[in-house]
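A closer look at the structure
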Amino acid sequence: MADIDSLKQALAVSPDNVLLMLLLGDALLEQFSLEEARQQFENVLQLEPANAVAKTQVAQILDLSGKSSEAIVRLEQVSGESPNFAPAWLLRAKLALNENNSTEARECYDKAITLDAAMSDIDLLKRIRQAGGRTPTPPPENIQPQATSDFQAGAYFDPDFEEDDDEFDDSTPFGPPPSAASELEMDFVQKADTDFTKVGGMECVKEDIRMKILYPMENKELFEAYGKKAGGGVLLYGPPGCGKTLISRATAGEINAKFMSVGLHQILDMWIGKSEEKLHEIFELARRNAPSVLFFDEVDALAADRKDMRTSAGRTLINQFLAEMDGRQDENDGVLILGATNAPWHLDSAFLRPGRFDRLIFVPPPDEPARAEIIKIMGEGKPLAGLDAAALAKRLKDFSGADIKAVFDQAIEASLAEAMKSGKIVPVTQRQLVKTTKKVKPSTLKWFESAKNYAIYANQSGFYDDVLEHLGIQK
Ligand SMILES: Nc1ncnc2c1ncn2[C@@H]1O[C@H](COP(=O)(O)OP(=O)(O)OP(=O)(O)O)[C@@H](O)[C@H]1O
Ligand SMILES: [Mg+2]
């Protein structure tokens, strides 16, 4: 949202700037300062009496103030004066739907997206259709579709008219609007581009994941005999840069499954007000694509003590998330739900109940052999001379995978700079790598400073036992 104060300041400098007024009006409207917002739009109309944007926004404000009939009349006027102004038609569709006039809602909606395909609003369309709004056959001349309390949805339909099964067949000259699923698919479904061979160390994590999804898929009957199914929830936690995101991606590649990566901030920001619905659609998409890996990065975004989670909207999102994880029986079969966080202490304990994230995996910084493996992986396909992975690994105590990557990146950049000067390939030497290790500081220690306190003082049900063990502290 544009900053209201700076818009006001800008307007004080150029008081007749219509664009600034509209922006300020929008910003005020967004924070529900209806009167002030309306004033801005009225100011625009003083300068430009036919401004369709300002008129439509005034109508919206009227509707929000409970004066929906006046809003509808005004909007009809806008559509009369500026018939090609799509937002007015879209708002008309919403208002008509609120008045239970699904036929008119559908007409206005169709008109809006015919004029501007970008207006397509799948949720609105769904609601219109649920209310019975289909593309109508024209009503008889003498009957005007009106919003009346006894209006029967579908009263103007040809009784023989059969709605085509295809949801969006009747939509626009621009072709059908993208379905909710395909939009989501574009946003979230990714091709699995890596597998376990690209992840150094982490043997326990790999085995846990195999046990949860790979083996049950390969040995379906055997697992069923023991009442075990593929899928479930696994929460990965640990210091930053140690491969939580990497191993999640690699899991999908390992089992050749679809990988869907969802940042919860993304859901909160992208779909204000309808994030639960979207979360549900994302789970549905994963179910349809099973076997699939549904990965929630920064799952602590759903922590109850976060600012945006204190609101009831945040709470309902948490509840929706939990409900999706619980699922109906069999619903989440073949869907591996991975969550990752480096602040597990912010998580609501409700997430950790059976059937939800019931496997908790600590992803520690790589130990020496794991570091050596990571070093080899980092070196693959690069011009190196005399790499001694084991010796280098020894020097990199407390380095995360990301820190090791930083060492390689810097050493490679230095060689590349040399190569540019000489015009031929200059390999990266062990000496150079060792030299670079001194420039990169290990980043995992800081995390343990916080984790240690939680592990010692808030270790309910042994949540942090692995952390204590890693730190060599007696449980
Ligand atoms: N075990 C590993 N094997 C190979 N590369 C690794 C490993 N761990 C980390 N890396 C490298 O470090 C990068 C960062 O790791 P990743 O993003 O998976 O860490 P993370 O644990 O998810 O961190 P954050 O908590 O900050 O999200 C990876 O892209 C990869 O290049
Ligand atoms: Mg990560």
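Here the structure is a predicted model, which is why all the values come from computation and not from measurement. (Residues numbered from 1 in each chain as written. Chains lettered and ligands numbered in written order. Predicted model: local features only at pLDDT ≥ 70, side-chain atom pairs only at ≥ 80, totals over all residues. Heavy atoms only, no water.)

The next subject is the site of ligand 1. In the vicinity of ligand 1, 17 residues are found, and the nearest of them are G241, K244, T245, L246 and N342. One of the backbone N or O atoms of G241 is found 2.7 Å from an oxygen atom in ligand 1. C242 is positioned with one of its backbone polar atoms (N or O) 3.2 Å from an oxygen atom of ligand 1. In isolation ligand 1 offers 630 Å² of accessible surface; the protein chains occlude 78% of this area. When residues of the shell around ligand 1 are assigned to domains, at least three fall in each of domain 2 (187-362) and domain 3 (368-437). (Near = heavy atom within 4 Å. Polar contact = N/O pair within 3.5 Å; in protein donor to acceptor, adjacent residues only side chain to side chain. Areas by Shrake-Rupley, 256 points an atom, 1.4 Å probe, with all protein chains shown as cover. Domains from an automatic or database assignment.)

Attention now goes to helix 8 (residues 122-130). Every buried residue belonging to helix 8 is among I122, D123, L124, L125 and I128, and all of these are buried. Positive backbone phi, at 100°, marks G132, one or two positions downstream of helix 8. (Buried < 20%, exposed > 50% of the residue type's maximum accessible area, 1.4 Å probe, protein only. Helix = DSSP H or I, 4+ residues; strand = E, 2+ residues; numbered from the N terminus.)

Taken together, the six strands give an open sheet; going across it, the order is 1-3-4-5-2-6, and neighbouring strands pair in mixed fashion. Every interior strand has two partners, whereas the edge strands, strand 1 (189-190) and strand 6 (357-362), have only one. Of the pairings in the sheet, the one linking strand 2 (residues 232-237) to strand 5 (residues 335-341) comprises six bridges and is parallel in character. Bridge pairing in strand 5 places L236 opposite A340. Where helix 10 (residues 203-218) meets the sheet, its contacts fall on strand 2, strand 4 (292-297), strand 5 and strand 6, and the angle it forms with strand 6 comes to roughly 160°. Taken strand by strand, helix 14 (residues 275-288) contacts strand 1, strand 3 (258-263), strand 4 and strand 5, and its axis lies near 150° from that of strand 4. (Pairing = 2+ DSSP bridges. Contact = heavy atoms within 4.5 Å. Axes fitted to C-alpha atoms, helices over the stretch in contact; angles between N-to-C directions.)

Our focus in this paragraph is the confidence of the model for the protein. A low pLDDT score tells you not to read the predicted coordinates there in detail. The pLDDT averaged across the protein works out to 81; a share of 85% of its residues lies at or above 70. Here helix 9 (residues 180-188) stands out as the element of the protein with the lowest mean pLDDT, 66, in contrast to helix 17 (residues 389-395), whose mean of 96 is the highest. Per-residue pLDDT stays below 50 along residues 136-178; that stretch engages in 56 contacts with residues further than four places along the chain or on separate chains. (pLDDT = per-residue confidence, 0-100.)

This brings us to helix 1 (residues 4-13). For helix 1, the complete set of buried residues consists of I4, L7 and L11. Buried residues of helix 1 fall within an arc of 60° about the axis and therefore sit on the same side. Helix 1 presents D5, Q9, A12 and V13 as exposed residues on the side facing more than 90 degrees away from its buried surface. The inward-facing, buried residues of helix 1 contact helix 2 (18-30) and helix 3 (34-47). N-capping of helix 1 is provided by D3, with a side-chain oxygen placed 3.2 Å from the backbone N of D5. (Arc of directions from axis to C-beta.)

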